[in-house]
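If you want the building blocks of each chain, they are given just below.
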Number of protein chains: 2
Amino acid sequence: MITEERYSFILEQLNESGIVKANELMVSLNCSESTIRRDLAQLEKSGALVRIHGGAKKNYQLDKEMSYNEKTIKNIQGKNSIGKYAASLIINNDVIYMDAGTTTMAMISNIKADYITVVTNGILHASLLADKNINTIQLGGKVKNTTKAIIGATSIEELKNYRFTKAFLGINGIDVSYGCTTPDPEEAALKKLAHEHSAVTYVLADESKWDKVSFAKVCRLEEVKIITDSPLKNLKYYQEKTTILEA
Amino acid sequence: MITEERYSFILEQLNESGIVKANELMVSLNCSESTIRRDLAQLEKSGALVRIHGGAKKNYQLDKEMSYNEKTIKNIQGKNSIGKYAASLIINNDVIYMDAGTTTMAMISNIKADYITVVTNGILHASLLADKNINTIQLGGKVKNTTKAIIGATSIEELKNYRFTKAFLGINGIDVSYGCTTPDPEEAALKKLAHEHSAVTYVLADESKWDKVSFAKVCRLEEVKIITDSPLKNLKYYQEKTTILEA
DNA sequence: GAATGTTTTTGATTGTTATTGGTTGTTTTT
DNA sequence: AAAAACAACCAATAACAATCAAAAACATTC
């Protein structure tokens, strides 16, 4: 058990339970008190956690004004935790639709199931999935140069041939009355079709997507489950209409 | 066990578990501590991993996972004279089929024409073309994990809908009597169809491809033009049958 | 194709540095 | 005040970089 392994174990624990106890870590990591203490000191120094008497807690920077960089980092971390949670829903023999976009991309490195099939319209997604040696099917069609997503009639036609056990969609806006919306109508059409062909649809949305309305409608809130990372203020209005899973 | 074998084993391990330990590698690769240490130092230098005390960890953060691939791609880009020559044949308003593979990939950075459409079965190709803001159409279908090429029935069906002014194909073997051949029959079928749907077909072949015969036939020599970089010894036998363009 | 010299790769050795677990005595919690 | 958690130190150990000679792979010559 080397240093970095302990670090990642500690951070993982922390991410799950929000708090870690030194003596529990001693047992599960099978090392001395000194080592744990040093690890926690080091991780605190790097800003990954805050030490407390008996262990450490998550470094929650609540109502502080965040710098732009911190915000970006937070966003990425948020996406990562959403991705991790979403990936944990995947089980063997699933046939997945994975929408293009950075939020869904965060799922890929977290996928644990080893026998699944993934259909995607993201060419970067396909490449990463191939790296993981996952059974991947790429939708064909016009490449949208900015996002490297496949869109257009061909992709729609292809998608008609497939059925999914689970679909994971990114989204631009979520709103109580307007549902899930996205700026590009072609992308919206693809997302909508993927949703219709899937037994369950999960919409992945970090905090920046809530209470936003974009141009083209994808689906109503009632039809999908939403995975998010942030505690919403007006959560209850949404909960009346849909299932919200907090990562 | 040669160096490259160890490298790929290490990277494979790393990809699976995210972390490798020096002494475990010593055992599983059956070599000395020094060798492992040298390997890790080299792989770190090339940016494939990050060394830590006791081993190495993955170098990854979301899209950073692309970095190893990108490096490989960058290496290919521009360094190849065949790619440069092939790219110079492309003119505005062309509709191109670009086969997957490293040889054709070398074309992309050399493309000068600004209004063209490219259809490709290579997902890395599509990504690079999108970066250059070229009108790109990606064939859909099953992703071949090793080469990141699209193959299978879906891609064949899609390809039937397109016609090209020029097709650029990679190939594994060229032989006077057996013509152009490649190991994978599915890939061969796709190449063949692209060739049949194109006004002109160029086969890109570096010196390692000559006088080789692979399993599945793509086309006869008479049907295509061959772009190569190396001066052949037995050039004249080929020139009786086909056009050879020296880059 | 055997014999030669050259380059590359490898494993062992060296001394150096980083990590670890135990000890001490102090601070915090109950 | 007792128990738990803590920081600071130290010696043992593990991992490290640097170096060198043997071995392997390579190219060259006869």
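Reading the values: the criteria
- In every chain, residue numbers begin from 1 and rise along the written sequence.
- For this description, chains carry letters from A and ligands carry numbers from 1, given in the order in which they are written.
- The predicted nature of this model means local features are confined to residues of pLDDT at least 70 and side-chain atom pairs, given and counted, to a pLDDT of 80 or more, with totals for whole chains, interfaces and linings taken over all residues.
- With hydrogens and water excluded, all non-hydrogen atoms of the structure serve as input to the side-chain values.
- Note on contacts: a residue pair is in contact if any heavy atoms of the two residues lie within 4.5 Å.
- Buried area is calculated as the accessible area (1.4 Å probe) missing from two parts once they are joined, with the contributions of both summed.
- Salt bridges are defined by distance alone: a side-chain nitrogen of Lys or Arg within 4 Å of a carboxyl oxygen of Asp or Glu.
- We call two N or O atoms a polar contact when they sit within 3.5 Å, provided that within protein one can donate a hydrogen and the other can accept it, with sequence-adjacent residues counted only if both atoms are side-chain atoms.
- Runs of H or I in DSSP of at least four residues are treated as helices and runs of E of at least two as strands, each being numbered from the N terminus.
- Residue type decides the class: Asp, Glu, Lys and Arg count as charged, Ala, Val, Leu, Ile, Met, Phe, Trp, Tyr, Cys and Pro as nonpolar, and the leftover types, Gly among them, as polar.
- Here, any two strands with at least 2 DSSP bridges between them count as paired.
- Only buried residues count toward a nonpolar core. Its members are Ala, Val, Leu, Ile, Met, Phe, Trp, Tyr and Cys residues joined through side-chain atoms within 4.5 Å.
- Burial classes: relative accessible area under 20% of the type maximum marks a residue as buried, over 50% as exposed, and values in between as partly exposed (1.4 Å probe, protein chains only).
- Whether a residue is near a molecule or strand depends on its heavy atoms: if one lies within 4 Å, it is near.

1. Quick notes on the interface of chain B and chain A
Part 1 of the reasoning: Listed per partner, the contact involves 38 residues of chain B and 33 residues of chain A.
Part 2 of the reasoning: Around 2800 Å² of area is buried between chain B and chain A when both sides are counted, 56% of it from carbon and sulfur atoms.
Part 3 of the reasoning: Here chain B is connected to chain A by four salt bridges.
Part 4 of the reasoning: Residue Lys-148 of chain A pairs with Asp-131 of chain B through a salt bridge whose shortest N-O separation is 2.9 Å.
Part 5 of the reasoning: Taken together, chain B and chain A are joined by 16 residue pairs in polar contact (both at pLDDT 80 or more).
Part 6 of the reasoning: Going through the elements one at a time, β1 (19–21), β3 (55–58), α4 (66–76), α7 (123–131), β6 (135–138), β7 (141–144) and α8 (153–159) of chain B are the ones with two or more residues in the side of chain B that touches chain A.
Part 7 of the reasoning: Among the elements that line the side of chain B that touches chain A, the one with the most residues is α7 of chain B, at six residues.
Part 8 of the reasoning: Of the residues contributing to the side of chain B that touches chain A, the split by class is 15 nonpolar, 15 polar and eight charged.
Part 9 of the reasoning: In this structure, strand β6 (residues 135–138) of chain A lies alongside β7 of chain B, joined through two bridges in antiparallel fashion.

2. Some points on the nonpolar core
Part 1 of the reasoning: The biggest cluster of nonpolar side chains holds 28 residues, and the ones touching the most others in it are Tyr-97, Leu-159, Ile-174, Cys-180 and Ile-226 of chain A.
Part 2 of the reasoning: Of all the secondary-structure elements, those providing two or more residues to this core are α7 (153–159), β9 (164–170), α8 (185–196) and β13 (216–219) of chain A.
Part 3 of the reasoning: Element by element, the count of residues in this core is highest for α8 of chain A, at four residues.
Part 4 of the reasoning: When neighbours within four sequence positions are excluded, Cys-180 of chain A is seen to be in contact with Ile-171, Gly-173, Ile-174, Val-203, Ala-216, Lys-217, Val-218, Cys-219, Leu-221 and Val-224 of chain A.
Part 5 of the reasoning: Residues Leu-139, Leu-169, Ile-171 and Val-203 of chain B belong to the second largest nonpolar core, which totals 27 residues.

3. A closer look at the protein's contact with DNA strand D
Part 1 of the reasoning: Near DNA strand D you find 16 residues, and of these Arg-37, His-53 and Gly-54 of chain A together with Arg-37 and Gly-54 of chain B are the closest.
Part 2 of the reasoning: For DNA strand D, the fraction of atoms within 4 Å of the protein that belong to sugar or phosphate moieties is 89%.
Part 3 of the reasoning: His-53 of chain A places a side-chain nitrogen or oxygen 3.3 Å from a sugar or linking oxygen of DNA strand D.
Part 4 of the reasoning: Separating a phosphate oxygen of DNA strand D from a backbone N or O atom of Ile-52 of chain B is a distance of 3.3 Å.
Part 5 of the reasoning: Those elements that provide at least two residues to the surface near DNA strand D are α3 (33–45) and β2 (49–52) of chain A together with α3 (33–45) and β2 (49–52) of chain B.
Part 6 of the reasoning: Per-class residue counts for the surface near DNA strand D are two nonpolar, eight polar and six charged.

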